[in-house]
Amino acid sequence: MPAPPRTVLVVLYDGVRLLDVTGPLEVFAVANEHGANYRLLLASPGGADIRANTASRLGADLDLAAADAHGATLLVPGGPDWARTISDEDFLGHIRRLSAQAERTASVCGGAFVLAAAGLLDGRRVTTHWDLADALSRRFPAVAVDADAIFVRDGPVITSAGVTSGIDLALSLVEEDLGVDTARQVAKYLVVFLQRPGGQSQFSARERAGRPRTEGLRRLLDTVVADPAGEHSLAGLAARAGMSGRHLTRLFREELDTTPAHYVERVRVEAARHHLENTADHLDLVARRAGFGSAETLRRAFHRETGVTPGSYRARFRRH
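The structure reproduced in this document is the subject of the present report. Just so it is clear, the model here is predicted, and its values are computed rather than measured. (Residues numbered from 1 in each chain as written. Predicted model: local features only at pLDDT ≥ 70, side-chain atom pairs only at ≥ 80, totals over all residues. Heavy atoms only, no water.)

1. Points about the overall build of the protein
No. 1: Per the secondary structure count, the protein includes 15 helices and 11 strands.
No. 2: For 320 residues, the compact-globule estimate of 2.2 N^0.38 gives 20 Å, and the C-alpha radius of gyration of the protein, at 22 Å, lies within 12% of that figure.
No. 3: Taking the principal axes of the C-alpha coordinates as reference, the protein spans close to 65 × 40 × 35 Å.
No. 4: For the protein, the proportion of its 320 residues judged to be buried stands at 50%.
No. 5: Pairs at least 24 residues apart make up 64% of the contacts formed inside the protein by residues separated by at least 6 positions.
No. 6: Taken as a whole, the protein presents about 14600 Å² of accessible surface, with 50% of it coming from carbon and sulfur. (Helix = DSSP H or I, 4+ residues; strand = E, 2+ residues; numbered from the N terminus. Rg over C-alpha atoms; globule rule 2.2 N^0.38 Å. Buried < 20%, exposed > 50% of the residue type's maximum accessible area, 1.4 Å probe, protein only. Contact = heavy atoms within 4.5 Å. Areas by Shrake-Rupley, 256 points an atom, 1.4 Å probe, with all protein chains shown as cover.)

2. Observations concerning unusual backbone geometry
Across residues other than glycine, the phi torsion is negative in most instances, and most of the peptide bonds are trans.
No. 1: Of note, the phi angle at cysteine 109 is positive, near 55°, even though the residue is not glycine.
No. 2: Along the chain, cysteine 109 falls in the loop between strand 7 (104–108) and helix 4 (111–117).
No. 3: Phi angles above zero are rare outside glycine, and valine 191 is one such case at about 60°.
No. 4: Locating valine 191 in the fold gives a position in the loop between helix 7 (180–190) and helix 8 (201–208).

Structure follows, in structure tokens:
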């Protein structure tokens, strides 16, 4: 017996990031090849074709103003020029109306800015691309932004991180609708993880530091991220880099605008965040695994970096 139809309504607009649209669509299309019955619709302002960020033309099935999302999944992809997108009040009005009708509302990457500007994320825990998280927090202080999560569900609203995480989000929706076996089949066919290991911290710690000009310094940063609990004293880092501690400190200042100790601390705090979110381990064990000598050292560093204690962070963001 065929599965009941499920509508996925994807919002298009000029400048939308192409993979934010096509990644989730491909997941649902492959699910249809494995017995699902997703009805995929694309809606744009005026029903017009749009130009994605790649300059590729995408056609719409219907006018956003005429769209009906009752019982549907509303999917809002992101785009590099999110500030321009959220300045369109008519567009935001359509998003509010459709979200109120929809069974669930989801965003990919910078699509969280659209939902936030429409007032749909106030008081909710959400995520977005790690490089956009600070901007989202500053612009919308009523939104609780988790910069590490791949995707977050808070009630009927699901937000996802950067670009390819729209695939992770779509797979989670397929699993919710049709069960883990179907979702696993789709993931296997697409050659992706059903549940990607780790969070965005595995990408952001290294990237937030910027790209040093010095090749040896780039390799050194990678070794810290790969093993946060390793021996990363100034003397140890300098010996690994084949230079004096003074010269290494000067390179960090000139190329990264930080110190070796602060960089190591930041990486270790991100490692601790991952353990706090995903385990019930005692704080002493979290501290050792993240590279801190004691729970008290972790508490002080964690508060410096995040403004909250490890216990408060775990209570809010632990994935049960």
